[in-house]
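Descriptive structure summary
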Amino acid sequence: MKVSYYPGCTLKTKARNLEESALASLRALGVELEELERWNCCGAVHSLSEDDLIHQVAPIRDLVRALEQGSDTVVTLCSMCYNTLARANRLMREDEVKRGTINAFMDEEKDYSGEVEVVHFLTFLRDRVGWEAVRSKVKKPLSGMQVAPYYGCTLLRPRDVAIEAPGQPALMGEFLRALDAEPVDFADKTLCCGSYQILAHPEAALDVSASILQGALDAGADSLILSCPLCEYNLGKTQKKLMALGKLSREVPVYYFTQLLAVALGLDDAVCRFDLSDASALEFLKCRHPAGAPAGP
Amino acid sequence: MPIEISEKTVKSEFIEKVMELSGQNIQDCFQCGTCGGACPMSGHMDTMPRRVMRMAQLGLEEAVGKTETCWTCASCHTCTVNCPRGIDMARVMEAIRQLRLRRNVDMVEVSKLDEEVLRELPQIAMVSCFRKLTS
């Protein structure tokens with residue numbers, strides 16, 4: 001069976017650095033994914049009200065597209081898209097009454113009952129590619145880098161769609177070791193970054209973001225990886241403000257995990273799109289890790 | 001602030017509505033406060049989630065309506081995975097939000113958002129914020 005790829009809105013614009021580095025890396029690892037045709041926005045958050053079925057329609061349509069493409073698996077990169085698609089999928093598998101209502105509403109679509117599996121890129125790397133295969137393709141090992149793996153919320157909560165049991169997740173650590181980087185465990189690795197509250201309650205979001213970044217530094221990390229464009233904004237793009245407010249002692253280079261993958265695989269630096277990352281991310285790779293550093297945007 | 005519990009303030013239909021929208025039995029809560037203790041946003045909340053839950057259990061619709069808790073919630077589900085009574089608190093917060101939003105109120109004025117922030121902000125931030133905080 002085929003594997004489809006769902007990019008989501010942000011990956012086609014502000015997070016091209018996530019998409020381009022991921023797809024190029026996968027190609028280098030010998031895997032080609034087929035992007036879903038006519039995909040639409042997943043809605044970014046799962047609807048939590050019992051009576052709100054209309055907002056389930058968008059993510060379910062995406063899964064119907066995968067079915068039409070003859071796929072049994074949809075791979076996503078953005079953590080929020082993963083959560084929204086995976087939860088809508090579970091709803092269609094487990095709630096017969098809601099499934100009936102939603103299928104009746106989408107009467108122009110094929111009936112859907114959760115046939116497709118929604119998989120996050122990290123899980124896909126582990127299960128379908130394998131850490132040994134990744135390790136064998138590494139051309140520029142990230143030796144000496146002390147990287148804090150940051151999971152955030154939507155990869156791990158709620159439990160029924162968690163890529164690993166919440167508590168002591170290990171996937172990103174295994175990933176970093178495959179690249180020969182040193183994972184640095186820290187207490188706030190699953191703490192929320194403040195999410196969309198950066199718009200409505202920025203002071204609260206900045207406080208938690210600062211706690212995550214400072215916690216990573218205090219644990220001995222020299223950089224941090226993540227997989228969500230909203231976390232990347234809150235943790236990567238607010239640092240100057242956080243330092244000006246005295247909430248953060250120094251800059252922390254923040255990367256999408258796929259950017260470090262591409263660097264370690266020795267791919268052309270253009271695929272990492274460091275022009276979309278915070279400047280400190282590229283500077284750090286250049287200064288602290290010359291062996292793996294790309295030439296620049 | 002004292003809260004009046006009387007025939008005037010207790011609304012049993014509010015309890016039913018919160019339970020119906022959230023799909024949760026809010027009477028299961030035994031007030032341990034784990035939700036607020038685990039919540040990353042609670043330092044900025046005017047009322048702890050545990051208190052909001054107690055007000056909801058008693059049907060104090062007006063008192064719940066005066067709290068800002070559901071607007072400060074980031075829907076991170078930390079309360080949900082930590083509740084020893086198995087209550088999905090994120091769904092209870094959503095029910096309280098929805099009951100207020102469905103009266104045609106908006107908690108974010110889109111036209112007043114900082115342009116510089118919007119230029120860099122990922123779409124998922126805006127979509128999720130407007131889904132949670134506008135009617």
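Here, every reference points to the structure presented above.
These numbers were taken from a predicted model, which means no experiment stands behind them.

Considering the overall build of chain B
When helices and strands are tallied, chain B shows 9 helices and 0 strands. Each helix and strand of chain B, placed in order from N terminus to C terminus, yields the pattern α-α-α-α-α-α-α-α-α. In terms of C-alpha radius of gyration, chain B reaches 16 Å, essentially the compact-globule figure of 14 Å for 135 residues. Each principal axis of the C-alpha atoms in chain B carries an extent, and together these give about 50 × 30 × 30 Å. Total accessible area on chain B is roughly 6700 Å²; 49% of this is exposed by carbon and sulfur atoms. Treating the 17 positive side-chain charges of chain B as one cloud and the 18 negative ones as another, the clouds have centres 4 Å apart.

Let's talk about the pattern of salt bridges
Residue and element names in this part refer to chain A. Scanning all chains against the criterion turns up 33 salt bridges over all chains. Between Arg-90 and Asp-160 there is a salt bridge; the shortest N-O distance is 3.6 Å. In this pair, Arg-90 is assigned in helix 3 (residues 79-94) and Asp-160 in the loop between strand 5 (146-149) and helix 7 (171-178), connecting sequence segments 70 residues apart. Taking the relative accessible area as the measure of exposure, Arg-90 reaches 28% and is therefore partly exposed.

A few points about the interface of chain B and chain A
Contacts between the two partners involve 40 residues from chain B and, on the opposite side, 41 residues from chain A. Where chain B abuts chain A, roughly 3700 Å² becomes buried across the two surfaces, and 63% of that area is made up of carbon and sulfur atoms. Scanning the region where chain B abuts chain A turns up 2 salt bridges. The partner of Glu-50 of chain A in a salt bridge is Arg-91 of chain B, with the nearest N and O atoms 3.9 Å apart. Seen at the junction of chain B and chain A, the total is 21 residue pairs in polar contact (both at pLDDT 80 or more). A per-element tally of the side of chain B that touches chain A places helix 9 (residues 123-133) of chain B first, with 10 residues. A per-class count over the side of chain B that touches chain A returns 21 nonpolar, 10 polar and 9 charged.

Concerning helix 3 of chain A
Taking 1.5 Å per residue, 16 residues should reach 22 Å; helix 3 of chain A reaches 22 Å between its end C-alpha atoms and fits that length. Of all the 16 residues making up helix 3 of chain A, 13 are buried; the element is thus mostly covered by neighbouring parts of the structure.

Some words on the side chain of Ser-42 of chain B
One can find Ser-42 of chain B in the loop between helix 2 (34-38) and helix 3 (49-57). If sequence neighbours within four positions are ignored, Ser-42 of chain B has contacts with Gly-36 and Met-48 of chain B.

Structural notes on the environment of Gly-130 of chain A
Along the chain, the position of Gly-130 of chain A falls in the loop between helix 5 (121-129) and helix 6 (131-137). Sequence separation between Gly-130 of chain A and Ala-178 of chain A is 48 residues; the distance between their C-alpha atoms is 9.5 Å.

A look at empty space enclosed by the protein
Scanning all chains against the criterion turns up 4 cavities of 30 Å³ or more. When its volume is computed, the largest cavity comes out at roughly 260 Å³. Looking at the largest cavity, it is lined by 27 residues, and the ones nearest its centre are Met-80, Cys-153, Thr-154 and Ser-195 of chain A together with Ser-75 of chain B. Taken together, the elements giving at least two residues each to the lining of the largest cavity come down to helix 3 and helix 10 (229-236) of chain A. Among the elements that line the lining of the largest cavity, the one with the most residues is helix 3 of chain A, at 5 residues. Taken together, the residues of the lining of the largest cavity sort by class into 15 nonpolar, 9 polar and 3 charged. Within this model, the second largest cavity holds a volume of roughly 150 Å³. What lines the second largest cavity is a set of 17 residues, among which Cys-39, Met-45, Cys-73, Cys-79 and Met-93 of chain B lie closest to the centre.

Quick word on the sheet that holds strand 3 (residues 71-76) of chain A
Residues and elements named next belong to chain A. Pairing is parallel across the open sheet formed by 4 strands, whose spatial order is 2-1-3-4. In the strand order of this sheet, the two ends are held by strand 2 (34-35) and strand 4 (117-120), each with one partner. Relative to strand 2, strand 1 (residues 2-6) runs parallel, the two sharing 2 bridges. Of the residues in strand 2, the one forming a bridge with Tyr-5 is Glu-35.

Section: the pairing of strand 3 of chain A
All names here are of chain A. Most of strand 3 is tucked away, with 5 of its 6 residues classed as buried. As paired elements, strand 3 and strand 4 share 4 bridges and run parallel to each other. For Val-74, the partnering residue across the bridge sits in strand 4 and is Val-118.

Focus on the packing of helix 3 of chain B against helix 7 (residues 89-101) of chain B
All names here are of chain B. Their axes nearest at 12 Å, the elements helix 3 and helix 7 cross at an angle of 65°. Like other packed secondary-structure pairs, helix 3 and helix 7 cross with a definite hand, here left-handed. Where helix 3 approaches helix 7, its residues Pro-49, Val-52 and Met-53 are matched on the opposing element by Met-89, Val-92, Met-93 and Ile-96. The class makeup of the residues in the contact of helix 3 with helix 7 is 7 nonpolar, no polar and no charged.

Details of the nonpolar core
The biggest cluster of nonpolar side chains holds 152 residues, and the ones touching the most others in it are Leu-125, Phe-175, Leu-224 and Leu-260 of chain A. In contact with Leu-224 of chain A, not counting residues within four places along its chain, are Val-147, Ala-148, Tyr-150, Phe-186, Ile-212, Leu-213, Ala-216, Leu-235, Val-252, Pro-253, Val-254 and Tyr-255 of chain A.

Here's the deal with a nonpolar patch on the surface
Nonpolar side chains collect at one region of the surface, where Met-1, Ile-3, Ile-5 and Val-10 of chain B lie side by side and expose about 410 Å² of accessible area between them. With respect to the helices and strands, the residue Met-1 of chain B is situated in the segment before helix 1 (12-22).

Focus: the environment of Met-19 of chain B
Of note, Met-19 of chain B is situated in helix 1. As for Met-19 of chain B and Gln-57 of chain B, which are separated by 38 residues in sequence, their C-alpha atoms are 9.7 Å apart.

Definitions and cut-offs
- Residues numbered from 1 in each chain as written.
- Chains lettered and ligands numbered in written order.
- Predicted model: local features only at pLDDT ≥ 70, side-chain atom pairs only at ≥ 80, totals over all residues.
- Heavy atoms only, no water.
- Helix = DSSP H or I, 4+ residues; strand = E, 2+ residues; numbered from the N terminus.
- Rg over C-alpha atoms; globule rule 2.2 N^0.38 Å.
- Areas by Shrake-Rupley, 256 points an atom, 1.4 Å probe, with all protein chains shown as cover.
- Lys, Arg positive; Asp, Glu negative; His and termini not counted.
- Charge placed at Lys NZ, Arg CZ, Asp CG, Glu CD.
- Salt bridge = Lys/Arg side-chain N within 4 Å of Asp/Glu carboxyl O.
- Buried < 20%, exposed > 50% of the residue type's maximum accessible area, 1.4 Å probe, protein only.
- Contact = heavy atoms within 4.5 Å.
- Buried area = accessible area lost by both parts, 1.4 Å probe.
- Polar contact = N/O pair within 3.5 Å; in protein donor to acceptor, adjacent residues only side chain to side chain.
- Nonpolar A, V, L, I, M, F, W, Y, C, P; charged D, E, K, R; others polar.
- Expected span 1.5 Å × (residues − 1).
- 1 Å grid on protein atoms, 1.4 Å probe; cavity = no way out; pocket = protein on both sides within 12 Å on 5 of 7 lines; lining within 4 Å.
- Points joined across faces, edges and corners; volume = space filled by probe spheres on them.
- Pairing = 2+ DSSP bridges.
- Axes fitted to C-alpha atoms, helices over the stretch in contact; angles between N-to-C directions.
- Left-handed = near helix turned anticlockwise from the far one by under 90°.
- Core = buried A, V, L, I, M, F, W, Y, C linked by side-chain atoms within 4.5 Å.
- Patch = residues over 30% accessible without salt bridge, like charges linked within 9 Å, V, L, I, M, F, W, Y side chains within 5 Å.

So, to be careful, I would describe these as geometric facts and stop short of saying anything about function.
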